[in-house]
Amino acid sequence: MMVKIIKVICVVFIYVEMLINAPYARALSVSTNISEKYTEIQSGDRLYFQIDIKYPENPQRKDLRLNYEVTKGDEIIAQSQVLKAVETQAQFLDFIVIPESSETGFYNLNVRISDYENLTEEVLTSFHVVAGKDEELKTYFFILLGVISLVAILAIVDIIVSKKKK
């Protein structure tokens, strides 16, 4: 009988020890959304996006660090870091400037959220950088310059040929 009581006490002690030393689970949920208007932007423009943070177990206001990175492949094109205070949930708009040197193509926006302890969450979304109006104007300018040059050369050739005939 005494052995059974000792076994029960040991089992209860082990369960209590496991509950006390159990890792603290955090239910942080993060989502980001780029509105349809900004899924295609020009280099040099601001990329506006919305971030939704849900942190239901957070009993008090807590500072979270938000790190934004714009990447193309493994290369970081732009980055920014912001500090936000969050209680149980937050929703806000933010932006990051896409450098003018960015080429056309698909890019990723990586949002990493962390606190000053061991909480980390990461979310990724993508967008497309298109050729800017300046690039289109340069292209049209060079086409027009080429046509004017061709017409000038043809006019000069015509003048030379007509002088030789006389």
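Before any of the text, the structure's been laid out above.
Below is a short write-up of the structure. (Residues numbered from 1 in each chain as written. Predicted model: local features only at pLDDT ≥ 70, side-chain atom pairs only at ≥ 80, totals over all residues. Heavy atoms only, no water.)

Together, M1, M2, I5, I6 and I9 line one region of the surface with nonpolar side chains, adding up to about 570 Å² of accessible area. Here M2 shows up in helix α1 (residues 2–20). (Patch = residues over 30% accessible without salt bridge, like charges linked within 9 Å, V, L, I, M, F, W, Y side chains within 5 Å. Areas by Shrake-Rupley, 256 points an atom, 1.4 Å probe, with all protein chains shown as cover. Salt bridge = Lys/Arg side-chain N within 4 Å of Asp/Glu carboxyl O. Helix = DSSP H or I, 4+ residues; strand = E, 2+ residues; numbered from the N terminus.)

Our next topic: the packing of aromatic side chains. With the rule as written, the count across this model stands at five aromatic pairs. Between F141 and F142, the ring centres sit 5.6 Å apart and the planes meet at 65°, which makes this aromatic pair edge-to-face. Overall, the relative accessible area of 56% leaves F142 in the exposed class. Through successive ring pairs, a cluster of aromatic residues spans Y38, Y48 and F95. Here R46 stacks its cationic end above the ring of F95, 4.1 Å away from the centre of that ring. Stacked on the ring of F92, the Lys or Arg K84 has its end atom at 4.5 Å from the ring centre. (Phe/Tyr/Trp six-rings, centres within 6.5 Å; stacked < 30°, edge-to-face > 60°. Buried < 20%, exposed > 50% of the residue type's maximum accessible area, 1.4 Å probe, protein only. Lys NZ or Arg CZ within 6 Å of the ring centre and 35° of its normal.)

One open sheet accounts for three strands, arranged β1-β3-β6; its pairing is antiparallel. Here the strands that pair on one side only, and so sit at the sheet edges, are β1 (29–33) and β6 (89–97). Ignoring strand direction, the axes of neighbouring strands in this sheet form an average angle of 20°. As defined by bridge partners, β1 adjoins strand β3 (residues 46–54) across five bridges and the pair is classed as antiparallel. Note on β3: the bridge partner recorded for V30 is I53. (Pairing = 2+ DSSP bridges. Axes fitted to C-alpha atoms, helices over the stretch in contact; angles between N-to-C directions.)

The next point concerns the sheet that holds strand β2 (residues 40–42). Reading across the sheet, the five strands line up as β2-β8-β7-β4-β5 and stay open at both edges, with mixed pairing between neighbours. Pairing within the sheet leaves two strands with one partner each, and these edge strands are β2 and β5 (75–86). Direction aside, the axes of adjacent strands within the sheet are offset by 30° on average. Of the pairings in the sheet, the one linking strand β7 (residues 105–114) to strand β8 (residues 120–130) comprises 10 bridges and is antiparallel in character. Within β8, the residue paired with V111 across the bridge is V123.

Limitation: the analysis is restricted to geometry and does not speak to function.
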